[in-house]
Structure formats: structure tokens, C-alpha cells
Amino acid sequence: MTNSVDRRRFLKGLGAGAAVSTLAFKAPYVFAKNKVTLRVLGTHVTLQEELRSRAMRELGIHLEFTPMGSAAVLQKAAANPSSFDLYEQWSDSINILWQAGAIQPIDIDRLVYWDEINPLTKTGKIVPEAKLGAGDSPNKLLYVQDDGTLSQTPSKAISFMPYVHNVDSFGYNTLVIEQGIPYQTESWAWLLDEKHKGKVALVNAPTIGIFDAALAAQGQGLMTFNDMGDMSIAEIDQLFAILLEKKRQGHFSGFWTSVPQSVDFMKTKRVNIQSMFSPGVSACRGAGIPVVYASPKEGYRAWHGVMCLSANTQGHVKDAAYDYMNWWLSGYPGAFIARQGYYISNPERSQPLMSKPEWSYWYEGKEAVVDLRGTDEKVSVKAGQKRDGGSYIQRFSNIAVWNTVMPNYDYSLDKWFELLNS
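All of the points below concern the structure found in this document. (Residues numbered from 1 in each chain as written. Predicted model: local features only at pLDDT ≥ 70, side-chain atom pairs only at ≥ 80, totals over all residues. Heavy atoms only, no water.)

1. Details of the packing of helix 7 (residues 206-219) against helix 16 (residues 409-421)
Counted only if it meets this: Structural elements are reduced to axes, namely lines fitted to C-alpha atoms, with helices fitted over the stretch in contact, and the angle between N-to-C directions of any two is expressed from 0 to 180 degrees. The way it works is that DSSP assigns letters per residue, a run of H or I at least four long becomes a helix, a run of E at least two long becomes a strand, and they are numbered from the N terminus. Here is the rule for angles: anything less than 35 degrees is roughly parallel, anything more than 145 is roughly antiparallel, 65 through 115 is roughly perpendicular, and the remaining ranges are oblique. We call two residues in contact when some of their heavy atoms are within 4.5 Å.
Packing of helix 7 against helix 16 leaves a shortest axis separation of 10 Å and a crossing angle of 75°. Comparing the axis directions of helix 7 and helix 16 gives the class roughly perpendicular. Between helix 7, through Pro206, Thr207, Gly209 and Ile210, and helix 16, the contact on the second element is made entirely by Tyr409, Ser412, Leu413 and Trp416.

2. A closer look at helix 2 (residues 49-59)
Residues spaced three or four apart along an α-helix face the same direction, because each turn holds 3.6 residues. This is how it is decided: Burial classification: accessible surface area is computed with a 1.4 Å probe over protein chains only, and a residue below 20% of its type maximum counts as buried, one above 50% as exposed, and the rest as partly exposed. Each direction from the helix axis to a C-beta atom contributes to the arc, which is the arc of those directions.
Every buried residue of helix 2 is listed here: Leu51, Arg52, Ala55, Met56 and Leu59. Take helix 2 and look down its axis: the buried residues cluster within an arc of 130°, on one side only. On its buried face, helix 2 sits against strand 2 (62-67), helix 11 (315-328) and helix 12 (332-338). Once helix 2 finishes, Gly60 follows within two positions and takes phi at roughly 70°, a positive value.

3. Here's the deal with the pattern of salt bridges
Close approach of charged atoms lets side chains of opposite charge pair. Going by this rule: For this analysis, a salt bridge means a side-chain nitrogen from Lys or Arg found within 4 Å of a carboxyl oxygen belonging to Asp or Glu.
In total, this model carries 15 salt bridges according to the counting rule given. With its nearest N and O atoms 3.3 Å apart, the salt bridge here joins Arg301 to Asp168. Of the two residues, Arg301 sits in strand 14 (residues 300-310) while Asp168 sits in strand 9 (residues 161-173), which places them 133 residues apart along the sequence. For the pair Arg301 and Asp168, one class covers both residues: buried. As a salt-bridge pair, Arg301 and Asp212 come within 2.6 Å of each other at their nearest N and O atoms. Residue Arg301 is located in strand 14, and its partner Asp212 is located in helix 7; the two are separated by 89 residues in the primary sequence. Of the two residues, Arg301 and Asp212, neither departs from the other in class, the shared state being buried. Linked through salt bridges whose partners overlap, the residues forming this network are Asp168, Asp212 and Arg301.

Structure below.
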């Protein structure tokens, strides 16, 4: 798929799939004597046991997964690159890791499926007419330049391998909150609505939660931003003054640090509405909780998964790291994570490994013709349901802001911890 692809060709490509094999990638290395151990640091989103077991079988390596909360994993990686070989998280972590010297450039020529990666990563837009969104769209951070800086100018080295991505919003329990109309009445403003006082949670990730809060404050008409992806000190002060007052009034019931914790917040009725990630929504539905993943009229907060090489990874471990990166784009992982609501950068390769009802629901936004199971094998989608927000293209055409580390990140981080500890 080229960067000049138009909407019609892209849609046609999504529906094709027949030209790709079910598993074209095979590990090019045979490891003699001792298995190579590859240490992967990341979050619960992608560091799942089924993926670890499958990759070890197919690649002949030993994988050690260390999943942590978003803020903790970034802090550990930036401070100690010797603690991991591969890092998996989101593109908002790239500036911090790159400036800290914690990661090394990735050679495009060693990525088997680079040419299949769609335009979203390379241009910031899934189709030319899509909204780019404020903040750091992934293309701005992708290519390593000769002077060591990162930009959107193509080169032969990249700061991360693109793979999993999605748009995020908030989830709400329709047993308590009346279901809204996608892109029309559903609004980020609901997170700060007095009607939900005491039953609201935000994600405890400074580079993510701040945007959920900012979109909510702007949606409520409490303030506006000149550029939400690059907030001024005055704007940050105003936003946190609003949040601190809300917290003093008992508006927030908590700040979650992992997907399982967000699910627990819903299960225990601690919250009725909160920041959520797609796997959390799927898990709630699998547990019988009718959580809707909102399609806010203001647009989504988008993120792009990054797979990065530690600055210290060398030799056979580095070879194994490239094998693992290529494995992630080889078909099966993309089909697996689709069942928890995530997209992969080369979806056509995963399409043959998904049933037609799965592909129609998750990628095309069509009604599920049968019950669909999530990665935990529980029914997460019932026949007759449509995916919240519609198709892949529709969802990624409505981006308000990308997860971003702003120039004033350090200042916003101090304000975030002040909020948590108030």
C-alpha cells in the first residue's frame, strides 16, 4: 500500500486479503545450543501470555515479558535501557526515550513487511481527507535523520516499528447512563458532568490522562486551548485548577493504572464512566457489563503502538529482536489483537486469519452476524451489535489529538502528581 493510495483503493485493499498467505513469515535464524532470551518491557495491552507462547514456539527463542503501568514502564525504560531488549508502548514515549538515548535506530531493510505498512504511520492520515489531529501524529516521530533528530522526512532508519494502534475515548455503563448518539451527542464533556460526580475515573498516565481531561474541560465550555497538543503554562495551570477543584468536590472516584484495574472499577461499580482502553471495554462486556465505548463528537484521542530496540541490544539478541518485530506483522498477532479491538499496521495480512464476521465487525464496522469472542474466549460482541464508532477508516478520520509529550511536559507532570496527591 503506497502513501498515494486513495480511499477507493484502500477500501478495496481491506476487502481483498486473498493475495496474502496465512503465515508468510518464518524465522530466518536457527539458534543452536542455547536459546536466545529476549526481554520485552511494555504494558498489559500487548504483553499477553498467548502471544508470548506462540512467538516462542514459532521463533525458537525464549521471551520474558515485563508488563507494567504506562507511566512506570516509560520511567524504567528511559532510566535503564539495560533492563530491556525491546520496548512496547505508544508513540508519545518516543521523544522521551530518544532524548534519553535509551533506544537505537531500526533498520527498515530488516523489516520484512515495511512496504505493507499503511499510510497512517507514514503520513499521519489513514486516508487523505482524514483529520490529522493535534499533537504528535506518529509520522512526525518516525524517521531518524542524519543529524540524529526525528522527523517525517523519509530515511532508511526509524525510531520505532509501527504495529498496534487505536483510538481511545471513554466507556460508560448504559445501565446507569443513557446511551448517546455516536459523533453527535456523546461528548468528552460527560467526564466532568455534575451528574456523574463521584463515579468518574481517569487513566493515571500523564501523557494520556491530561488530554482526556483537556477534551472534557473544553467540551464543558470551561476553557479553550490554542493548541491542545502544545499547551502553554497558563493553559496547564487553568486546566489543573479546574481538575483540582473537581477532585476536592469528590468528583473523581479514582485514577487507574492498568486495563485490569479499569475493568475492576466497572465491575465493583466504583465508576459509571471513565477513561478506557478497548480491551477493558471488551472485558467488561464479556463479564456482562453493558459498557459503551463513546464516539465523542469532538473526536478521539489517538495512539500508535511502538516497538523499540534498546540502545544496548546487540548481537544474537538483536537478531532475535528483529525476528520478533517481523513476527508481529506476520498475520497472527494482528488477528489476535483485533479481537480486543486493536488495529495492526498491515491489516490485509491478518485478514485471512480472521473469520468474515470478525473482519466485517472489527474493521468494516458492520453488524456482527454471530456472537464474537474476545482474546479471553468470552463472548465480547453479541450478534446484532455494531462496533462503537464504525469502521477503521471512520474512526481514524475523527482524531482530535494524538497522545503526545508536549514541550511543557515536565511542568504538566508536576501538576499531574499534584492532582493525584491532593
